[in-house]
Amino acid sequence: MMAITKTNAQILDFTAQLVAQDEEFPMLQVLNNEGKVVDEDGLKRSELTDDDLVKIMKNMVLSRQLDIRSTKLAKQGRFGFFAPTAGQEASQMASAYAFNDEDWIFPGYRDIPEIIAKGWPIWKAILWSRGHQLGNEYTTEDGREVKSWFPQIIIGAQYVEAAGVALGLKKRSKDAVVYVYTGDGGSSQGDFYEGINFASAYKANAVFFVQNNGYAISTPRNLQTAAQHLAAKGWASGIPSIVVDGNDAVAMYLAAKEARAWATAGNGPVLIETMTNRLEPHSTAGDDPLRYRTQGDIDEWWKKEPLIRMRIFLEGKKLWSEEIEAAYIAEVDAEIDTAITTADNVEKQKISDYLKHTLEVPSQVMQEQIAKFESEGK
Ligand SMILES: Cc1ncc(C[n+]2csc(CCOP(=O)(O)OP(=O)(O)O)c2C)c(N)n1
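An unreviewed UniProt entry annotates the protein chain as 2-oxoisovalerate dehydrogenase subunit alpha originating from Weissella muntiaci. What UniProt states about the protein chain under its Catalytic activity (unreviewed entry) heading is, verbatim, "N(6)-[(R)-lipoyl]-L-lysyl-[protein] + 3-methyl-2-oxobutanoate + H(+) = N(6)-[(R)-S(8)-2-methylpropanoyldihydrolipoyl]-L-lysyl-[protein] + CO2". Taken from UniProt, the Sequence similarities (unreviewed entry) comment for the protein chain reads in full: "Belongs to the BCKDHA family."

Right under this line is the structure:
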C-alpha cells in the first residue's frame, strides 16, 4: 500500500479534509440524461443483452403503471398504504435485475415493485397494503418461495435484519447475497450504522442500497445529515462504497451486478448510494410536497426521470417504440385489474386472525382475546 505522507499542518487542516470528502465520490453514469452512452466501456462491462435491456425497461414501465394505478386506487379508498415510486424506477428495478431467485431482498415500504419483479403476485402486494395477513405470504402464484423479507416500515431496521441473514449466507457458503434498500433518511438511523458495521466486520454477503431521493418525508437530505455523500458512511465501516446516477438504469444495473460479484466472492458488502428523486408525495396519506419544495424543482426532476433516457436509448437501438410501450401498459393494466379483483375476493381478515399472527406463540392475554373474538365471530 502506498504511504500517504502529510505534514502535521496538513493533518490539522480540517477545511481541506471537508473539500477532499466532497471530491471523493464521482458519480457512476453510463447513459446521460439525453439517453446517450457516455461510457461505452461501462455498457460493455454490464454484459446486458438486448433482451435484458428490454426486460429492464418493461420492469420500469410495470413499476410506473403500478404507481399510477395504486395512487388512483388509494384515492378511491380501494388500496391501503402506498408510497409512490415515480422517479425511482431505475434505482429500484434496474438494480434488482442484477439479483437472482436465491438472493434475499430486504425492502423498505417504497420497494414493493422490486418484490413483484421477484415473482410476488400483485394481489398479495395489495393485501399487504391493506394490512391483511396474507399480504405477508411471500410465495409466487404457483407456490414457490419468494426470498423477501416483509417491507420494513421502521426506518433502517432492515439493515440490522439483513446483516444477520447475510452472515448466515456466508456461514453456509451460499452463492447468494442479501440486497437491502433504505432511503437517505434511513442512512441517519442507528440501525443503519449498526447493520453496515456488523456486516462489514464479518464480511457478510450483502449489497446495501441507499436511495437518495432528496427527502425524508418533508426533511430535505441536507438538513438531516451533514455528510456530503451518504456513501461516505459506508467507508467509515470499511465497506467499498460508491455513488451512482440512480436515474440511469444501465449504471444502476452495472453497479449492482459488480457489487453482487464482490460480495459473493467472500469480500464482504458494498454500499451503493443512488442519486434519484421522489417525484410525488411521500405517501398517499395526505402529504403535500408543495409545503416543503417548489413546483419548479419537481418539474426539473421530471425532465430527468429514468424512463425518458432508457426509452431514447432503446428506441435508438430499435428495441422499443411507442406502440410496444402502449401494448405493454395495456397488459400491465389488465394484470392489475385481475389482481384487484383477486384481492377483493379474499376473505376479510378477522381480529382473531390478526392476533393469531402477531406472535408465534400468543401470550396468555392474547390467547384469551383470541378466544373471546372467535366466540363473537370476529
Ligand atoms: C424509526 C422510525 N422513525 C420514524 C418513522 C416515520 N417515518 C416514516 S417514513 C420516514 C422518512 C424516511 O425517509 P427516507 O429514509 O429518506 O425514505 P423515503 O421515504 O424517502 O423513501 C419517517 C421519518 C419511522 N417509520 N420509523
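## Examining unusual backbone geometry
Of note in the backbone geometry, Glu47 takes a positive phi value of approximately 55 degrees without being a glycine. Tracing the chain through its elements places Glu47 in the loop between α3 (40-46) and α4 (50-75). Residue classification places Glu47 among the exposed residues on the basis of 10 C-beta atoms within 10 Å. Despite not being glycine, Ser173 has its phi angle at roughly 50 degrees, a positive value.

## So, the site of the ligand
Close to the ligand lie 15 residues, the nearest being Ile155, Gly183, Gly185, Gly186 and Ala216. The set of elements that each furnish at least two residues to the shell around the ligand consists of β3 (178-183) and β5 (215-216). Of the residues belonging to the shell around the ligand, the class tally is six nonpolar, six polar and three charged.

## Observations regarding the UniProt feature "domain: Dehydrogenase E1 component" (unreviewed entry) in the protein chain
Under the local residue numbering, the UniProt record ascribes the feature "domain: Dehydrogenase E1 component" (unreviewed entry) to residues 57-351. Within residues 57-351, the helical portion is 47% and the strand portion 11%, while the C-alpha atoms at the span's ends are 41 Å from each other.

## Regarding the sheet that holds strand β7 (residues 241-245)
Across the sheet, six strands lie side by side as β1-β7-β8-β4-β3-β2; this open sheet has parallel pairing. Of all the strands in the sheet, the pair left with one neighbour each is β1 (27-28) and β2 (104-106). As judged from the three bridges shared by β2 and β3, these two strands associate in the parallel manner. Paired with Ile105 across the two strands is Tyr179, which belongs to β3.

## Some thoughts on helix α5 (residues 89-96)
Counting buried residues in α5 gives eight out of eight residues, a clear majority hidden from the surface. Along α5, the residues that are buried comprise Glu89, Ala90, Ser91, Gln92, Met93, Ala94, Ser95 and Ala96. Buried residues belonging to α5 abut α4, α6 (112-117), β4 (206-212), α12 (249-267), β8 (270-275) and α14 (306-316).

## Brief notes about the packing of α4 against α14
It is the contact of α4 with α14, at a shortest axis distance of 11 Å, that shows an interaxial angle of 150 degrees. Handedness of the crossing formed by α4 with α14: left-handed. Of α14, the residues touching α4 (which contributes Leu53, Val54, Met57, Met60 and Arg64) are Pro306, Leu307, Met310 and Leu314.

About the thresholds
- Residues numbered from 1 in each chain as written.
- Predicted model: local features only at pLDDT ≥ 70, side-chain atom pairs only at ≥ 80, totals over all residues.
- UniProt positions renumbered as here; feature names shortened; annotations may be inferred.
- Helix = DSSP H or I, 4+ residues; strand = E, 2+ residues; numbered from the N terminus.
- Buried ≥ 20, exposed ≤ 12 C-beta atoms within 10 Å, placed from the backbone.
- Near = placed C-beta within 6 Å.
- Nonpolar A, V, L, I, M, F, W, Y, C, P; charged D, E, K, R; others polar.
- Pairing = 2+ DSSP bridges.
- Contact = placed C-beta atoms within 7 Å.
- Axes fitted to C-alpha atoms, helices over the stretch in contact; angles between N-to-C directions.
- Left-handed = near helix turned anticlockwise from the far one by under 90°.

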